[in-house]
Amino acid sequence: MLGVEPPAVVLLAQSLVNRISDVANSARNAVVDQDTFMQLACYLERIVPVCIELQRGRDTSPMIREILEALVRDIDSVDRLISECSNKSRIYLVTHSRSVAQQLEHAVHDLGRSLCLIPLSSVQGQEDTKAVIDSLSRDMQQAHFEANKSDDRICQLLSQDSMVLQSDRDLQHTLLLDIARSVGIEDAPRNPSALKLQVELLKNDLQGATEAYDLQMMDLLGNMVENWAQGTESVGTLDGSTSRQQQKRVEPLYESFVCPLSKTVMRDPVTVESGWTYERSAIEKWFRECKENGRPMVCPMTGKELQTTAVKPSIALRHTIEEWTARNESARIENAKILLTSRISQQDMLHGLKDVQVLCAKSKLNKHKVRNAGLISEIVNCLKHGEQVRCSALATLRCLAEDENDNKEAIGETAAIRNCIKCLSRDVPKEREEAALLLFELSKYQPLCEKLGAESGAILVLVGIVSSNSENVITVQKAEQVLENLEHCEQNVRQMAVNGRLQPLLQRLLEGGEEVRLEMAMFLSELVLSREGKMKAATMGGKTLVDMLESGYLAGREAALKCLCQLSNLEANGKILAEAGILRPLIRDLFVVGVNQLPMKLKEVAATTLANIVNSGVDLDKIPIDAEGNTLISEPTLHNLLHLVSNTGPAIEAKLLQVLVGLASSSRASGRVIMAIKSAGATVSLIQFLEAPQKELRSNSVKLLYYLCLQMGQEVADGLRVTTGQLGMLVRLIGMSGVTEEQAAAARLLANLPTEDTQLTRALLDEGALPTVVKQLDELRQGVSRIGASRFVSDYKEGLVGILARFTYLMGDVEVVRLAQEYNLTALFTNLLNTAGHDEVLRLSAVALANLSVYSTELSVLPKVVPEQRCCPFLFSKPPPKPTGLCIVHGGLCSANQTFCLLEARALPSLAACLDHGNLGVAEAALKALLTLIMNPESLNGGVQALSNADAVQPILDIMREHKTERLRQLAVTAVECMLRNEDIARTIATDGNVHTALVEAFKCGNNNTRHVAEKALKHLNKIPELSGVFQTRKF
């Protein structure tokens, strides 16, 4: 097969691949509207793999040949369009950008339609390949091309009614400036000849045009540019607001200065063999493209082939252009100053600022000229004007400052920084961004950093931006970079710390020398830190501060101790500081006496810090505090603490008591604290602090005694009885206005003392505790406003109810009975059952009602019946009438306040509701209270009836069946045994098979008391005739 030529279709496909590649390359090299032509190039390059597949398929059918020929025609059409655009002036392409985009869109659509015709057989039946081709075809047929926004706006303005354009000078002004910017004329207001030259080029491109759009555009642009040129020749601006005498004349652009290829002023002009002069980079690109495309090397302007591509520098022309440029730039700077100082219109100011930006971007020399011309202060003054002017002024100052320290120094001497901070504070995204960019540029100059940081509110605003969730990433990023640059100044570091940015200060604390660390620690100790700030400071600087605390340098120890005291105030920092080793130096500073001891004021700080650490919940039994391995809860340490409590000033004593409170409240440490207090005989000493005049000392004493009474209640009770005045102090404390932590602790302390200590109960009666508690509970019920109630009212109320319930254990005392009747305690506890949401209040109320109910039968009495007088007593007489209104449970006259009758107090529904409470203690207390109604044989039937009426029978059966605790089951079985003595209830219960099963289970598995009562209950069931046979056959 060697020497055989491939089929014509294959050759056509191969040629098409090369053609597409050339056209795509031309599209990529387009000098205008690059995005649109780049989009075209991407589509063309996606066609290349399709053509390669067609080569491989070697499909020689006429159909595929026609498709390839259609693609060739479409590609040729695209190539002609690109060539036409390359030969047109820039102003032509700008003013016809919509038309060009539409032509490119139609060409791509045609290519897509041609691709759609390729059959599956042409790609050897590969469905995946065909799917890719179809997808590309759809994409190209749906492709949309549009001009860039600025060019599209120009086309839109030119499409308007000519009368509108001719009558609206502002619209003309906007249109000409947009065209000038699009074609690369930077100084159009001062150089109208350049724009006039572009219009002449447009007219050349439109010779012979017949379209209405082209004809109208040539006429409009020609008139507008001519009018503008005449106006700017005398005034230098479009609106003619400044006189000829004020403006410096800007020399026109000479055609010989413009490169015929790039259409821009030449910087490095060179002459080719034909004698034409071009910009070096433009002609070199031309030669390169000729070589790459296989075209002969010709002169772009004459079309004549060149024998050599060597070029000669046109030195004289270059010097002439440079001199012309220098003169014009100097004139433009002077003109910009006139525009900025006159401030006649915002448009003038924007023109002047934009021109300064363009000039500064060209060369550093222009930046010096602008500064020497005194323009910096005028630009800064522009920051007081409207939003658009401020944004432009900020951008101009940034251009001046870039890589120019002298300019930065000059900017810093003005009010630029102050005004820049104001711009940064405004809610204008673009203005904030420009302000951040300027501040970043200024902050690169070290001498300005201190001044920038000293500006009022500067660091606060920057920190706020960095910590915000702003959508403008550039503003946040630059604000962060500004702060990083400002960190090199120590005063700025302090200001940042004040405003919540602690990182720089902590970094100096970690890495600085001894003096720097001391200064940073002292400053940190004086700051008021947020929660996040405390956490960050402890995490980063905790170990360093502890190391300073362990040093022998008193100033360093003092600064570190004050810092650590503030950081330890956050509970989450306790573990961090403990792991950093803070306990060892703290205990040392507290216990050491002599020459090396801390001043008493600092010992108070150490005690406060220790109290904070202890109360943070740190596991203290694993942290050694001395060389012997003792911990904070070791016996020697606790004895030293107890010794210090009695031998230091009130301020330190209060903090040490707070340490003991934290230890006593810990389940791990409380036992050792109790042992230490008992062995030291310190109970009475601690009780005596109750009468301390210092509130903090007394409060911590109350809280400590509360935790102690939970495990050594009798010792505390004995101590309160033997000391003078302390018990009365506690009673007075709970009766004070407001609900504080101290009052809540005092109430809970008295509530948790042993109820068996009747002497203590009588002592409380003598101190007036009962009426005090009733009064406080009544105020809570009525919702009397109490300071601090929101935090401690629950504990306070629980304590008050506990104290009141304590008196119900002493109902054998006549005085207690009298007070219970006077204050109607039965109704009070019943009301608490109905309103209290706290489990312990419910439990205590039920316990108290049970204690009261026990005495109801004894206090209930029958009314006296006066026999009816008859005239003849010997005659047969009727029996006395039966008294009415008697209690069905107690058989006499009952009431809630006089006989403590639960039925009259309407407490039974509330007690029944507590039987299924989630807290088993509440359920047990409620069941005990209900049992008091049926335990007495004389009142059993009435009590059972009362329970049935209150719907309490079924919950009792459920408790027996569920067997949540042995104590609850025993009480439930006892209640069931009592209820089974009532035949009516017994018959109802007997029909429930679960009752029998539960009783059998209790009889088999319960404790001795439960089994005994269950046996009695089962015997009651066997007395029922219709069921007796069933239970006689069962064995237990």
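Please refer to the structure placed before this passage.
Computed from a prediction, not measured in an experiment: that's the story for all the values here. (Residues numbered from 1 in each chain as written. Predicted model: local features only at pLDDT ≥ 70, side-chain atom pairs only at ≥ 80, totals over all residues. Heavy atoms only, no water.)

Novice: Describe the overall build of the chain, listing the residues and the values that go with them.
Specialist: Within the chain, the regular secondary structure consists of 55 helices and three strands. For the chain, buried positions account for 51% of its 1036 residues. Sequence-distant contacts in the chain: of pairs separated by 6 or more residues, those separated by 24 or more amount to 69%. When the accessible area of the chain is evaluated, it comes to approximately 48900 Å², of which 49% is carbon and sulfur surface. (Helix = DSSP H or I, 4+ residues; strand = E, 2+ residues; numbered from the N terminus. Buried < 20%, exposed > 50% of the residue type's maximum accessible area, 1.4 Å probe, protein only. Contact = heavy atoms within 4.5 Å. Areas by Shrake-Rupley, 256 points an atom, 1.4 Å probe, with all protein chains shown as cover.)

Novice: Describe the side chain of N472, naming the residues involved and giving the relevant values.
Specialist: Within the secondary structure, N472 sits in the loop between helix 22 (458–466) and helix 23 (473–486). Within the structure, the side chain of N472 is placed 3.1 Å from the side chain of E433, a separation counted as a polar contact. Here the side chain of N472 touches T475 through a polar contact of 3.1 Å, landing on its backbone nitrogen. In contact with N472, other than residues within four places in its own chain, are P429 and E433. (Polar contact = N/O pair within 3.5 Å; in protein donor to acceptor, adjacent residues only side chain to side chain.)

Novice: Residues and numbers for the packing of aromatic side chains, please.
Specialist: Tallying each qualifying case throughout the model produces three aromatic pairs. For the pair Y43 and F145, a centre-to-centre distance of 6.3 Å together with 50° between the ring planes defines the contact as tilted. Of this pair, Y43 sits in helix 2 (residues 34–57) while F145 sits in the loop between helix 6 (127–141) and helix 7 (149–158); the two residues are 102 residues apart in sequence, bridging distant segments of the chain. The buried category is assigned to Y43, whose relative accessible area is 14%. Between the NZ or CZ atom of R1011 and the centre of the ring of F1003, over which it lies, the distance is 5.8 Å. (Phe/Tyr/Trp six-rings, centres within 6.5 Å; stacked < 30°, edge-to-face > 60°. Lys NZ or Arg CZ within 6 Å of the ring centre and 35° of its normal.)

Novice: Give me the environment of S467: which residues, what numbers.
Specialist: With respect to the helices and strands, S467 occurs in the loop between helix 22 and helix 23. By relative accessible area, S467 is classed as exposed at 57%. Remark: the alpha-carbon pair of S467 and G500, spanning 33 residues in sequence, is separated by 9.8 Å.

Novice: Now, about the sheet that holds strand 2 (residues 277–279): what can you tell me, with residues and values included?
Specialist: Each strand in a sheet pairs with its neighbour through backbone hydrogen bonds, running either in the same direction (parallel) or in the opposite one (antiparallel). Pairing in this open sheet of three strands is antiparallel, and the strands run 2-1-3 from one edge to the other. Either end of the sheet is taken by a strand with one partner, and the two such strands are strand 2 and strand 3 (312–313). Of the strand pairs in this sheet, strand 1 (residues 269–271) and strand 3 are connected by two bridges, and their pairing is antiparallel. Residue pairing across strands places T271 opposite K312, the latter belonging to strand 3. Running over the sheet, helix 12 (residues 280–292) touches strand 1, strand 2 and strand 3 and is turned about 95° from strand 2. (Pairing = 2+ DSSP bridges. Axes fitted to C-alpha atoms, helices over the stretch in contact; angles between N-to-C directions.)

Novice: Tell me about the layout of surface pockets, residues and numbers included.
Specialist: In this structure, the largest pocket occupies an estimated 1500 Å³ of space. Along the walls of the largest pocket sit 47 residues, with S86, N87, L261, K263 and W286 positioned nearest its centre. Elements supplying a minimum of two residues to the lining of the largest pocket: helix 1 (8–28), helix 3 (62–87), helix 4 (90–95), helix 10 (192–205) and helix 12. Residue composition of the lining of the largest pocket, by class: 21 nonpolar, 14 polar and twelve charged. (1 Å grid on protein atoms, 1.4 Å probe; cavity = no way out; pocket = protein on both sides within 12 Å on 5 of 7 lines; lining within 4 Å. Points joined across faces, edges and corners; volume = space filled by probe spheres on them. Nonpolar A, V, L, I, M, F, W, Y, C, P; charged D, E, K, R; others polar.)

Novice: I'd like a description of the packing of helix 13 (residues 315–342) against helix 14 (residues 346–362), backed by residues and values.
Specialist: With their axes 8 Å apart at the nearest point, helix 13 and helix 14 run at an angle of 150° to one another. Crossing angle aside, the handedness with which helix 13 passes helix 14 is left-handed. Only D348, M349, H351, G352, L353, D355, V356, V358, L359 and K362 of helix 14 make contact with helix 13, whose side of the interface consists of E329, R332, I333, A336, L339 and L340. (Left-handed = near helix turned anticlockwise from the far one by under 90°.)

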